[in-house]
Structures are given as structure tokens and as C-alpha cells.
Amino acid sequence: MEGRPNHILLIEDDPAVAQSLRAGLEREGYTVTWKSSGAEGMAYARERQPHLILLDIRLPDGSGMDVCRTLRQQGLRLPIIMLTARREEVDKVLGLEMGADDYVTKPFGLRELLARIRAQLRRAYGDLSATGGDVLYVADLLIDRGRGLVQRGSESLVLTPTEFRLLVHLAQNRGQALTRAQLLDAVWGYAADVESERTVNVHIRRLREKVELAPGKPQIILTVPGIGYRLVG
């Protein structure tokens with residue numbers, strides 16, 4: 001993944017939608033590779049390591065959620081944005097729990113999608129990649145911002161880009177109670193609403209499952225009733 005982060009893998013089974021998205025994104029300077037099935041998309045992602053994946057939830061050989069989960073289980077940490085025609089909250093939450101960083105509900109405008117893409121690329125390859133070798137210590141965790149690593153002893157924890165950014169932001173403000181709106185602005189880059197604040201809750205739950213020794217009784221990422229969350233001081 002050398003140079004400017006602009007290589008997008010689009011996994012979408014509808015040729016009309018794929019061609020329209022590809023044309024629009026290429027006009028904005030992105031390189032877009034289109035795959036029409038989950039199997040083809042996963043194989044390409046593993047081999048070529050694009051900078052970001054746009055992943056449709058409905059694919060001819062299975063669910064985009066399963067593709068997302070498999071890619072995360074295989075250690076791919078690049079940003080994933082789900083494309084879904086479903087408006088039910090449960091589907092969006094499930095996509096986030098499978099490891100997606102964000103989602104866009106069809107029909108959507110190209111401007112909205114571009115804003116989400118730019119936010120994910122900026123946070124995955126911009127701000128954090130330029131932090132040098134800064135290391136943060138939280139409880140028994142080592143957070144290496146420069147290399148994008150989180151370790152507990154000799155064990156490396158596999159976090160998605162959004163989970164990593166969320167943990168770094170909490171660590172940089174340890175001891176402070178942060179609202180969900182503050183976390184959305186800092187980590188996702190857009191203003192809060194009721195639906196997007198639930199996104200924070202899902203990512204906090206996933207992050208706890210990875211960094212807490214007992215996720216059901218968190219000792220690192222604490223809930224502050226009526227406000228949001230804080231990292232232990």
C-alpha cells in the first residue's frame with residue numbers, strides 16, 4: 001500500500017451500481033477494482049491489499065457480513081464500509097459487529113459516500129500514520145501509534161482501524177469522560193445523531209471484547225452513566 005491511499009476494492013454484484021460507483025469514484029481520482037462476488041473480493045483483498053473496501057451486504061455467494069467477518073479473522077485491518085439497502089437497525093449493528101468501520105444505506109449520494117471514504121482513509125493512513133513512534137501505556141496494554149499495534153505482553157491484539165483509532169483517542173484522554181458525540185467527531189469525523197451514537201456503543205463493545213480480560217466486567221474502558229465512556233486514569 002505505497003503512495004497515496006486511493007485504491008478502493010468494490011465488492012458489488014449489481015453491474016449497474018458497480019459501474020456507476022466506479023465511474024464516480026474514478027472521477028475523484030480513486031483507483032477502483034470491482035469484484036462481483038464475495039469469494040473473488042476476498043481473494044483479491046488478501047493478495048493485493050487495497051486501501052479500503054466498499055462491501056455490499058447482498059452478494060450472490062453469501063452475505064457481505066460473512067465476508068467482512070472472514071477478512072477480519074484473517075487479519076486484514078484495512079477500512080471496510082458496508083453498502084446496504086436495508087434500513088433496519090439490527091442489520092447495521094450486525095455489520096459493525098462483524099468488523100465494518102462504517103456503513104452507507106442505499107440509496108445514497110456520491111457526495112455522502114466520498115465524505116465517508118475520505119474520513120476513513122484520512123484516519124487510517126493520515127493522522128495516525130504520521131505520529132512517529134509514539135507509545136502509550138494503558139493498564140497492561142502497549143499502544144504503538146506509529147506501527148498501529150496493540151500488545152498485551154507478547155500477544156498482539158488484532159484491532160480494526162476504527163477500533164484502533166477509538167482506543168488511541170480514549171488513551172490520549174485517559175481519565176476523562178467523553179460523550180458519544182465527542183467520540184464520533186474525533187474518530188469518525190461526523191456529527192452525532194441517535195443512530196450514529198449507537199455505532200459508538202457497538203465499537204466500544206467490540207473493543208472491550210479484545211482488550212478486556214473480562215469484557216463483561218470492564219476494567220479499562222469504563223461506562224460513565226448519562227455521559228459516555230472513559231479510559232482508566
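In the block above lies the structure referred to throughout.
Because the structure is predicted, anything quoted here is derived from the model rather than measured.

A. The arrangement of the overall build of the protein in detail. A count of helical and extended segments in the protein gives eight helices and 14 strands. The C-alpha atoms of the protein give a radius of gyration of 17 Å, which matches the 17 Å a tight globule of 233 residues would have. Expressed as lengths along the three principal axes of its C-alpha atoms, the size of the protein is roughly 50 × 35 × 30 Å. Burial analysis of the protein (233 residues in total) assigns 49% to the buried set.

B. Highlighting the sheet that holds strand β2 (residues 31-35). A sheet is described by the order of its strands in space; here five strands give the open sequence β2-β1-β3-β6-β7, paired in parallel fashion. Two strands close off the open sheet at either side, each with one partner strand: β2 and β7 (102-105). The average undirected angle you get between the axes of adjacent strands in this sheet is 20 degrees. Pairing of strand β1 (residues 7-11) with strand β3 (residues 52-56) involves four bridges; the strand directions are parallel. Bridging across to β3, L9 finds its partner in I53. Set on the sheet, helix α2 (residues 38-48) makes contact with β1, β2 and β3; between it and β1 the angle comes to about 160 degrees.

C. Structural detail: the packing of helix α6 (residues 161-172) against helix α7 (residues 180-188). It is the contact of α6 with α7, at a shortest axis distance of 10 Å, that shows an interaxial angle of 120 degrees. As summarised for this structure, α6 and α7 are arranged oblique, according to the angle between their axes. The handedness of the crossing between α6 and α7 is right-handed. Along the contact surface, α6 presents T162, R165, L166, H169 and L170, while α7 presents L183, A186, V187 and W188. Partitioned by chemical class, the residues of the contact of α6 with α7 number six nonpolar, two polar and one charged.

D. Representation of the sheet that holds strand β9 (residues 141-144) in the model. In space, the four strands of this open sheet follow the order β8-β9-β10-β11, with antiparallel pairing throughout. Single-partner strands in this sheet number two, and they are β8 (135-138) and β11 (155-157). Ignoring strand direction, the axes of neighbouring strands in this sheet form an average angle of 25 degrees. Alignment of strand β10 (residues 149-152) against β11, held across three bridges, turns out to be antiparallel. Bridging across to β11, V150 finds its partner in L157.

E. View of unusual backbone geometry. With an omega of -5 degrees, the peptide bond running from K106 to P107 counts as cis. For P107, the position within the fold is in the loop between β7 and α5 (110-127). Even without glycine at this site, Q49 takes up a positive phi of about 55 degrees. Locating Q49 in the fold gives a position in the loop between α2 and β3. Phi is positive for A139, which is not a glycine, with a value near 50 degrees. Structurally, the position occupied by A139 is in the loop between β8 and β9. Residue A139 is classed as exposed on the basis of its relative accessible area, which comes to 62%.

F. Broad picture of the environment of G41. Assignment of secondary structure puts G41 in helix α2. For G41, a relative accessible area of 0% gives the class buried. Spatially, the C-alpha atom of G41 lies 36 Å from that of I220, the residues being 179 residues apart in sequence. Sequence-distant contacts of G41, defined by excluding residues within four places in its chain, comprise L9, I11 and K35.

G. Geometry of the pattern of salt bridges. Under the definition given, this model contains twelve salt bridges. Here D56 makes a salt bridge to K106, at a shortest N to O gap of 3.0 Å. Taken together, the residues span a long stretch of sequence, with D56 in strand β3 and K106 in the loop between β7 and α5 at a distance of 50 residues. When its relative accessible area of 4% is taken as the criterion, D56 is described as buried. Among the charged side chains, a network of salt bridges with common partners joins E12, D56 and K106.

Conventions adopted
- Residues numbered from 1 in each chain as written.
- Predicted model: local features only at pLDDT ≥ 70, side-chain atom pairs only at ≥ 80, totals over all residues.
- Heavy atoms only, no water.
- Helix = DSSP H or I, 4+ residues; strand = E, 2+ residues; numbered from the N terminus.
- Rg over C-alpha atoms; globule rule 2.2 N^0.38 Å.
- Buried < 20%, exposed > 50% of the residue type's maximum accessible area, 1.4 Å probe, protein only.
- Pairing = 2+ DSSP bridges.
- Axes fitted to C-alpha atoms, helices over the stretch in contact; angles between N-to-C directions.
- Contact = heavy atoms within 4.5 Å.
- Parallel < 35°, antiparallel > 145°, perpendicular 65-115°, else oblique.
- Left-handed = near helix turned anticlockwise from the far one by under 90°.
- Nonpolar A, V, L, I, M, F, W, Y, C, P; charged D, E, K, R; others polar.
- Salt bridge = Lys/Arg side-chain N within 4 Å of Asp/Glu carboxyl O.

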